[in-house]
Amino acid sequence: MIIRKTALLVGASGLVGRHCLDFLLAETSYREVRVLVRRPLDIEHPKLVQYQVNFELLGDYKDVIGADDVFCCLGTTIKKAGSKSAFAKVDLGYTAEIARLAFNNGAKLFLLVSAMGADPGSRIFYNRIKGEVEESIARCGYDSFLVFRPSLLLGERKERRFGEELGQMLSRWLPFAFTGFLKKYRPIAGKMVAYVMVEIAGNQWQGKHIFESEKIRSFYGQVQGLGRA
Ligand SMILES: NC(=O)c1ccc[n+]([C@@H]2O[C@H](COP(=O)([O-])OP(=O)(O)OC[C@H]3O[C@@H](n4cnc5c(N)ncnc54)[C@H](OP(=O)(O)O)[C@@H]3O)[C@@H](O)[C@H]2O)c1
């Protein structure tokens, strides 16, 4: 018997999230893909169910925040959010609340796009918040919690991000800059991260597992080797 699952995707309008959405909609093991969005996505699909929510009031939507597998690609930057606390509200507050509500509704698997260097004990605010959100989700009690810690993400964006443009140029023109111990800093395509997230969700996992860029790349290579990419 083929059991077809449901997915909840948060951050579907972002770089990783929109690729995740494409892969989830194409993945036959999902019969429904729910998204929580601030503004409706300009896409229609028989499997897609969009919920336009006020992220300040997530508890009001507790009945729809659930699925078998939760994919979280939500996040902002301190610059975009306007302050450290506004950034923490999104990357820690909203994310942890969604994880808690989805768990209460029976979700078993949570996939989080965190970031390289995530560490609740870090002196770097960004890394500390990413570490704290990981800790908070780990405490929910999911059967499996898959954490993706990419280095700099590459891909098309509406807005310009200087760091990413620089990373893109470096990896294109100076690929040898990311060898040896610097290999782990090599920028990675948001599309590759999304692809691996959706592929990996189809495997059986127990407990917390961390996927840094090199591991994501290696998993991607393995799947391509199998001719499924
Ligand atoms: N950029 C990098 O190089 C990098 C590197 C490592 C890890 N990461 C992490 O990877 C994750 C995904 O990154 P990304 O570059 O794909 O993100 P992104 O393109 O900036 O997209 C972020 C998503 O979060 C949503 N979002 C942002 N602020 C929100 C708010 N206040 N309320 C509700 N939704 C909000 C956005 O929705 P709207 O469209 O409505 O704004 C969008 O769907 C993030 O957690 C990021 O921190 C990024």
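Residues numbered from 1 in each chain as written. Predicted model: local features only at pLDDT ≥ 70, side-chain atom pairs only at ≥ 80, totals over all residues. Heavy atoms only, no water.

1. Some remarks on the sheet that holds strand E4 (residues 69-72)
One open sheet accounts for seven strands, arranged E3-E2-E1-E4-E5-E6-E9; its pairing is parallel. The open sheet has two free edges, formed respectively by strand E3 (48-52) and strand E9 (207-212), since each of these has just one partner strand. The mean angle between the axes of side-by-side strands here comes to 15°, regardless of whether they run parallel or antiparallel. For strand E1 (residues 5-10) and E4, the ladder comprises four bridges, and the chain directions are parallel. Paired with Leu9 across the bridge in E4 is Phe71. Packed on one face of the sheet, helix H7 (residues 213-225) meets strand E6 (144-149) and E9 and runs near 90° to E9. (Pairing = 2+ DSSP bridges. Helix = DSSP H or I, 4+ residues; strand = E, 2+ residues; numbered from the N terminus. Axes fitted to C-alpha atoms, helices over the stretch in contact; angles between N-to-C directions. Contact = heavy atoms within 4.5 Å.)

2. Here's the deal with the pairing of E4
Burial of E4 is two-sided: the residues Asp69 and Phe71 facing one way and the residues Val70 and Cys72 facing the other way are all buried. Taken together, the four bridges between E4 and strand E5 (residues 109-113) define a ladder with parallel strand orientation. By the bridge assignment, Cys72 is partnered in E5 with Leu112. (Buried < 20%, exposed > 50% of the residue type's maximum accessible area, 1.4 Å probe, protein only.)

3. Observations regarding H7
Along its 13 residues, H7 runs 18 Å from first to last C-alpha, staying within 8% of the 18 Å computed at 1.5 Å per residue. Three or more residues of H7 are buried, namely Ser213, Ile216, Arg217, Phe219 and Val223. Looking straight down H7, one finds that the buried residues subtend no more than 165° of arc, so they occupy a single side. Of the exposed residues in H7, the ones pointing more than 90 degrees away from its buried face are Gln222 and Gly225. (Expected span 1.5 Å × (residues − 1). Arc of directions from axis to C-beta.)

4. Here we look at the pairing of E1
The two faces of a sheet get side chains in turn, since along a regular strand they alternate between them. Of all the six residues making up E1, six are buried; the element is thus mostly covered by neighbouring parts of the structure. Neither face of E1 is open: one carries Lys5, Ala7 and Leu9, the other Thr6, Leu8 and Val10, and all of them are buried. Pairing geometry for E1 and strand E2 (residues 30-37), over six bridges, is parallel. Paired with Thr6 across the two strands is Glu32, which belongs to E2. Handedness of the crossover is the feature at issue here: the chain leaves E1, passes through helix H1 (residues 15-26), returns alongside E2, and the resulting connection is right-handed. (Right-handed = clockwise from strand over helix to strand, strands pointing away.)

5. Concerning the packing of H1 against helix H6 (residues 190-200)
At a closest axis distance of 8 Å, the pairing of H1 and H6 adopts a crossing angle of 45°. Judged by the inter-axis angle, H1 sits oblique to H6. At the point where H1 passes H6, the crossing takes the right-handed sense. The segment H1 lies against H6, with Leu15, Val16, His19, Cys20, Phe23 and Leu24 engaging Gly190, Lys191, Val193, Ala194, Tyr195, Met197 and Val198. Looking at side-chain class alone, the contact of H1 with H6 contains ten nonpolar, two polar and one charged residues. (Parallel < 35°, antiparallel > 145°, perpendicular 65-115°, else oblique. Left-handed = near helix turned anticlockwise from the far one by under 90°. Nonpolar A, V, L, I, M, F, W, Y, C, P; charged D, E, K, R; others polar.)

6. Points about the pattern of salt bridges
Evaluated as defined, the whole model comprises nine salt bridges. Taking the shortest distance from any N to any O, the salt bridge between Asp91 and Lys130 comes out at 2.6 Å. Remark: Lys130 occurs in helix H4 (residues 125-138) and Asp91 occurs in helix H3 (residues 84-104); sequence separation between them is 39 residues. Both residues of the pair, Asp91 and Lys130, belong to the buried class. Connected through shared salt-bridge partners, Glu134, Arg149, Lys208 and Glu212 make up one network. (Salt bridge = Lys/Arg side-chain N within 4 Å of Asp/Glu carboxyl O.)

On their own, these measurements won't tell you what the molecule is for.
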